[in-house]
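# Remarks on the overall topology
Given next are the chains, with one letter for each unit.
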Amino acid sequence: MIELKNLHKRLGGRDILKGLSVKVPKGMNFVLMGPSGTGKSVTLKHVIGIFKPDLGSVHVDGQDVPAMDRKQLMALRKRMGYLFQNGALINWLSVADNVALPLKEHSQLSRSEVDDRVHEVLKLVGMDHAGKQEPPEISGGMKLRAGLARALVTNPEYVLYDEPNAGLDPIISEQIHELIGEVRDRLSVTGLIVTHSRACATQCGDRIGILEAGKLAVEGSVDEITASDHPLARAFMGQGSD
Amino acid sequence: MNLAAGTIRFLAERTGSAGYVVNLLVRTALCLPRIPRRLRFLLDNCFNAGVRALPVTLVVAAFAGAILAMQTGIELRRFGNTNVLGTITALSMCREMGPFITAVILAATVGSSIAAEIGTMKVSEEIDALEVMSIDPVDYLVLPRVLALALMCPLLTVLSNLIGIYGGSIIAEQNLGVSPDLYWVGAIESLTSSGTLLPKEVYVGLLKSLIFGVAIATVSCAAGLKARGGALGVGLAVQTAVRNSVLLIIVLGFVITWFFYFLT
Ligand SMILES: Nc1ncnc2c1ncn2[C@@H]1O[C@H](COP(=O)(O)OP(=O)(O)OP(=O)(O)O)[C@@H](O)[C@H]1O
Ligand SMILES: [Mg+2]
């Protein structure tokens, strides 16, 4: 379980998070929505210990994340996958090498086992044909999918998705949503998903929270939010939004 | 009042970033046992540094040697003493000029590209991505770069020294009327005849270039790792890297020569 309580964070002279609380039970996908620049990515980075809160607490499976030393943090991160907003692929490694990186650094797998696993996840995100290409020569959507493959390759228990369908065409978006749902159902992965897309929220989300002014303005199950008449809920989840 | 506050802030910032560089150097040293895993990156980085810096180093070294021979030659001519020109050119090239110009060129070519590369990785969240995969950026990025320059800077310096001495010989012959034989005998003797295998000048010069290489790489990596705010931030990182490298080369060069020739 991921539990953020009363999170406060000041960055670049501005209060970004002001008392955010989110609870993601095991095996559930929590969708975090909200206007641009409200601190959604910053929130994800607190969960994995890149940022430390100024005030408030971050717990994963009851463990206090900001209090972890380097070793504990490494152990936690090995159980988590993180899809960065633009993929954040290492620029001078091919797509396949990027996806293989966490395996090569930390697992005892042989080279052919690594190759097999890499091929398998690349296929899941529809990128098996592009393994040899380098990040500068592929599109934004492909980078994102390679980033997703890298986040999933170690079979993590938790995955943090930062806009998993940004810049994808409707067909591939659909595939990715299915994949995220499947990852939860088959591997009971717990997910925290940042997205602007209603389709993504309804297809892969269990609960939705909408961030505004540093805390959740509304929170509820997908149906509750879809039916809600809160202006933000209507803007993000109502008819005609997307 | 404002001036005082500004000065204090400036000094605090400088101390802070110096502290960061020293900290980075220590962390890099602690990663040294992991170098077998980074051998490929190390070789890549060595090769890159060589390719980037070699051509311009050779040209500059030839001219530097020529200038050295010219400057000392003009004075020596007044005392009718140009027969020691080879000795003087060889020794000052090895002790001071070779390490200095090689390091400055490495700072401008390799240091700047290290800062740009790591800075770009920083602002596009690639460094964060490494952290998230539990890969230490110091081990993965900094260590191979620091070691590569620690190896390549002395290597290029040796080449610079040789080319510089050769450049000096042209001036000696063409403009100062020193016969090549005399020049080269002086140069070679000064570099071979000593109690040790090689004279102190060569060792001091090589030690210097080793330290310069480490300094350039560490300072440039630090600048890259601290970059933020998009392309502009990367530009600033490059500027910081080159400025701090050149500053360090001058100051460390002075300190090392002073230590070996005036303190001991
Ligand atoms: N390292 C940082 N230093 C200073 N300010 C930062 C830093 N990271 C983020 N911010 C600021 O925090 C605010 C929230 O950023 P964040 O990336 O979380 O937004 P977001 O909700 O993910 O927006 P988007 O939907 O556009 O991705 C922004 O105003 C950003 O400028
Ligand atoms: Mg974001």
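Residues numbered from 1 in each chain as written. Chains lettered and ligands numbered in written order. Predicted model: local features only at pLDDT ≥ 70, side-chain atom pairs only at ≥ 80, totals over all residues. Heavy atoms only, no water.

## Some points on the sheet that holds strand β9 (residues 207-212) of chain A
Residues and elements named next belong to chain A. Short version of the rule: Strand pairing follows a simple DSSP-based rule, namely that at least 2 bridges must link the two strands. Helix and strand definitions here come from DSSP, where helices need a minimum of 4 consecutive H or I residues and strands a minimum of 2 consecutive E residues; each element is numbered from the N-terminal end. Axis definition: a line fitted to C-alpha atoms, over the contacting stretch in the case of helices. Angles run 0 to 180 degrees between N-to-C directions. Any two residues whose heavy atoms approach within 4.5 Å at even a single point are treated as in contact.
In spatial order, the strands read β6-β7-β8-β3-β9-β10; together these 6 strands make up an open sheet with mixed pairing. Among the strands making up the open sheet, the edge pair consists of β6 (80-83) and β10 (215-221). Between one strand axis and the next, the sheet turns through 15° on average, direction left out of account. Pairing between strand β3 (residues 29-33) and β9: 4 bridges, direction parallel. Following the sheet pairing, Val 31 is matched in β9 by Ile 208. Running at roughly 160° to strand β7 (residues 158-162), helix α1 (residues 40-47) makes contact with β3, β6, β7, β8 (190-194) and β9 of the sheet. Across the sheet, helix α5 (residues 140-152) lies against β6 and β7, angled at about 175° from β6, the strand it touches most.

## Brief notes about the pairing of strand β1 (residues 2-11) of chain A
Residue and element names in this part refer to chain A. Across 8 bridges, the pairing between β1 and strand β2 (residues 14-24) is antiparallel. Looking at β2, one finds that Leu 4 is bridged to Val 22. Sheet topology note: the β1/strand β4 (residues 55-60) ladder contains 5 bridges and is antiparallel. The residue of β4 that forms the bridge with Glu 3 is His 59.

## Concerning the coordination of the magnesium ion (ligand 2)
Residue and element names in this part refer to chain A. Stated precisely, the cut-off is as follows: Water is not among the atoms examined, so metal sites may look incomplete; donors are the N, O and S atoms within 2.8 Å of the metal, or within 3.2 Å for Na, K and Ca. Throughout, exposure labels follow a simple rule: accessible area from a 1.4 Å probe, protein chains only, divided by the maximum for the residue type, with under 20% read as buried, over 50% as exposed, and the rest as partly exposed.
All of the protein donors around the magnesium ion (ligand 2) are Ser 41 (OG) and Gln 85 (OE1); their distances to the metal are 2.0 to 2.2 Å. Of this pair, Ser 41 sits in helix α1 while Gln 85 sits in the loop between β6 and α3 (95-106), and the two are 44 residues apart along the sequence. Relative accessible area serves as the criterion here: at 18%, Ser 41 is assigned to the buried category. Given a relative accessible area of 28%, Gln 85 falls into the partly exposed group.

## Remarks on the site of ligand 1
Residue and element names in this part refer to chain A. Rule in force here: For this purpose, a residue is taken to be near a molecule or strand whenever a single non-hydrogen atom of the residue falls within 4 Å of it. Whenever two N or O atoms come within 3.5 Å, that pair is a polar contact, provided that in protein one can donate a hydrogen and the other can accept it, and provided that, for residues adjacent in sequence, both atoms are side-chain atoms. Computed with the Shrake-Rupley method and a 1.4 Å probe, the accessible areas treat only the protein chains shown as cover for residues.
Lining the immediate environment of ligand 1, one finds 15 residues, of which Arg 14, Ser 36, Gly 37, Ser 41 and Gln 85 sit closest. In this structure, an oxygen atom belonging to ligand 1 sits 2.5 Å away from a side-chain N or O atom of Arg 14. Between ligand 1 and Glu 163 there is a distance of 3.3 Å, counted from an oxygen atom to a side-chain nitrogen or oxygen. Computed on the free molecule, ligand 1 has an accessible area of 630 Å², of which 67% lies beneath the protein chains in the complex.

## So, the sheet that holds β1 of chain A
Sheet strands line up and pair through hydrogen bonds in the backbone, either parallel or antiparallel. Residues and elements named next belong to chain A. A sheet is described by the order of its strands in space; here 4 strands give the open sequence β2-β1-β4-β5, paired in antiparallel fashion. If you trace the sheet from one side to the other, it starts and ends with β2 and β5 (63-64), each paired once. As paired elements, β4 and β5 share 2 bridges and run antiparallel to each other. Counterpart to His 59 in the pairing with β5 is Asp 64.

## Section: helix α2 (residues 39-78) of chain B
For the record, the criterion: Expected span of a helix, by definition, is 1.5 Å for each gap between consecutive residues, and there is one gap fewer than residues.
Look at α2 of chain B: 54 Å from first C-alpha to last across 40 residues, which is about the 58 Å you get at 1.5 Å a residue. Phi turns positive, to about 60°, at Gly 80 of chain B, one or two residues after α2 of chain B.

## Here we look at the interface of chain A and chain B
Rules: Accessible area that two parts lose when put together, evaluated with a 1.4 Å probe and summed over both, is termed the buried area. Any Lys or Arg side-chain nitrogen located within 4 Å of an Asp or Glu carboxyl oxygen qualifies as a salt bridge.
Facing 22 residues of chain A, the contacting portion of chain B comprises 21 residues. Contact between chain A and chain B buries roughly 1800 Å² in total, counting both sides, with carbon and sulfur atoms accounting for 56%. A per-residue breakdown of the area chain A buries against chain B is headed by Arg 77, Trp 92 and Glu 105 of chain A, which together make up 33% of the total. Summed over the shared surface of chain A and chain B, the number is 5 salt bridges.

## Let's talk about the nonpolar core
Under the convention used in this document: Here, nonpolar core refers to any group of buried Ala, Val, Leu, Ile, Met, Phe, Trp, Tyr and Cys residues whose side-chain atoms link them within 4.5 Å.
With 73 residues, the main nonpolar core has Leu 160 of chain A together with Leu 130 of chain B as its most contacted residues. The element that contributes the greatest number of residues to this core is helix α5 (residues 137-174) of chain B, accounting for 11 residues. Each residue touching Leu 130 of chain B, except ones within four places of it in the same chain, is listed here: Ile 90 and Leu 101 of chain A together with Met 121, Ile 135, Pro 137, Tyr 140 and Leu 141 of chain B. Core analysis: the next-biggest nonpolar cluster, separate from the first, contains 45 residues, Leu 89, Val 125, Ile 193 and Val 222 of chain A among them.

Scope: geometric values only; no functional claims are made or implied.
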